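Working through the structure, step by step
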Amino acid sequence: MVDLPGGAFTMGSDSHYAEEAPAHQVRVDGFTIESTAVTNVEFAAFVEATGYVTVAERDLDPADYPGAPPENLQPGSLVFTPTPGPVDLRHLSQWWTWKPGASWRHPQGPRSSVEAKGDHPVVHVAHEDAQAYASWVGGRLPTEAEWEYAARGGLEGAAYTWGEEARPGGRIMANTWDGPDFPWRSTGESGFLRTAPVGSFPPNGFGLFDMAGNVWEWTDDWWSERHPGRSQGSCCLPSNPRGGSLEESYDRAQPQFRVGRKVVKGGSHLCADSYCLRYRPAARRPQMLDTGTSHQGFRCVRPGGRDGAA
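For clarity, every value in this text was computed on a predicted model and none was experimentally measured.

This part takes up the nonpolar core. By size, the foremost hydrophobic cluster in this structure holds 28 residues, and its most contacted members are Phe-43 and Phe-298. Residue assignment for this core shows that the elements contributing at least two residues are helix 1 (40-50), helix 2 (127-136) and strand 7 (216-222). Ignoring any residue separated from it by four or fewer positions in sequence, one finds Phe-43 in contact with Val-38, Thr-54, Trp-104, Val-122, Val-125, Asp-129, Tyr-133 and Phe-298. Membership of the second largest hydrophobic core comes to 17 residues, among which are Val-2, Leu-4, Val-28 and Ala-145.

Quick look at the structure:
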C-alpha cells in the first residue's frame, strides 16, 4: 500500500476522446492505494478463505438476458480472440468471444489455468467481485478522481503516467498492443501478448505500477458521457467528486439491457495507438457491472494517506 497526500489536480483532457472532457480542477483527500493490481494469488487467498463464487462462475438467469442465444446462458466470460487478419474496427464483436467456462481461474477458457500466473493481475472479475474482495481486505474501490490522481503520479496535466512522450528515448513504459495491426498481429516487442506479471514496467512518480496498460481497472463511479466540470459561478474546487447516476449510466444503444455501468480506467494490453489510445490517466470507458473480461482487473484503496498538497 502507498500513502498519497490529498491535493488538487487537473482531471480529464480536452485533447483526446470526447468522454474525457472537459479538463477541470478537482481536489481529493489523502488516501492509501495498492501499488499493483490485485493478483491471482491474492484473489485465490480470498476465495479460499470465503468460498466466494465470482459472477463468471455462476449460472445465468435467461430472464436477465432477453434474446441471448441459449449457448451463451451458461457460466463464462468474454475472452479476447485475435482475428486471422484485418477487420473493421467498428465491430468489436469480431475479436471478443463468449467462452463458457472462462473465469478468473481459466482466463482463456476451461483448458487454461492461472497456475503459472500467480503474479499476473486477476481478470474476469465483475464489479461486485472486486467489491467483495476489497471489503474482505478492509478497503474499497477507488473513485474515478482518486484513481486518476494516483495514476498521474504528481505530473500535472501530462498525457501519460510518466510524462508527455509515449516512448521516452524509445523505452516501452507499459504493457500495451505492439504495432499498428490490431486485433490480428502484434509485434511482441514488449515481450507480452496478454497480461504481464504486475510490476513488469517502471512505476510512476508515486511508486505505483501498471497505472497504464496491462488491465483496465474498476472504479466505483457510475459512468457519465462527459465530466460535469466546474459549476458555473462556483468559487471552490469540487472536493472528492463522484460520477453520474445509475440511470445516466445505462447504455442508450442497448435499451433492452438495464444494467448499470461503472467507469474503468487505465487501458490494457489491448490498447493500440491505431485503435484505442487509452493507456493514459485521463482515459475512461464504461463497463457493465455484471461483465468481466480477459483484460479487466482492479486495485483497492483505503482512507487515510499523508497530509499535504500534490
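Quick look at the pattern of salt bridges now. This model, assessed by the stated rule, comprises 22 salt bridges. Put simply, Glu-146 and Arg-140 hold a salt bridge, and the shortest N to O gap is 2.8 Å. Taking the relative accessible area as the measure of exposure, Glu-146 reaches 6% and is therefore buried. Among the residues examined, Arg-140 registers a relative accessible area of 30% and is labelled partly exposed. One continuous salt-bridge network, built from bridges that share partners, spans Glu-144, Glu-148, Arg-152, Lys-265 and Arg-284.

A few words now on the packing of aromatic side chains. All chains considered together, the criterion is met by 22 aromatic pairs. Aromatic pair Trp-95 and Phe-182: ring centres 5.3 Å apart, planes at 80°, arrangement edge-to-face. Linking Trp-95 in the loop between strand 5 (76-80) and strand 6 (96-100) with Phe-182 in the loop between helix 3 (144-152) and strand 7, this pair joins segments that are 87 residues apart in sequence. Residue classification places Trp-95 among the buried positions, given a relative accessible area of 1%. A relative accessible area of 5% means that Phe-182 is categorised as buried. Taken together, a centroid distance of 5.2 Å and an interplanar angle of 5° make the contact between Tyr-160 and Trp-162 stacked. This pair shows no difference in class: Tyr-160 is buried, exactly as Trp-162 is.

Reading guide: rules and limits
Residues numbered from 1 in each chain as written. Predicted model: local features only at pLDDT ≥ 70, side-chain atom pairs only at ≥ 80, totals over all residues. Heavy atoms only, no water. Core = buried A, V, L, I, M, F, W, Y, C linked by side-chain atoms within 4.5 Å. Buried < 20%, exposed > 50% of the residue type's maximum accessible area, 1.4 Å probe, protein only. Helix = DSSP H or I, 4+ residues; strand = E, 2+ residues; numbered from the N terminus. Contact = heavy atoms within 4.5 Å. Salt bridge = Lys/Arg side-chain N within 4 Å of Asp/Glu carboxyl O. Phe/Tyr/Trp six-rings, centres within 6.5 Å; stacked < 30°, edge-to-face > 60°.

Geometric descriptors of this kind do not, in isolation, establish any biological role.
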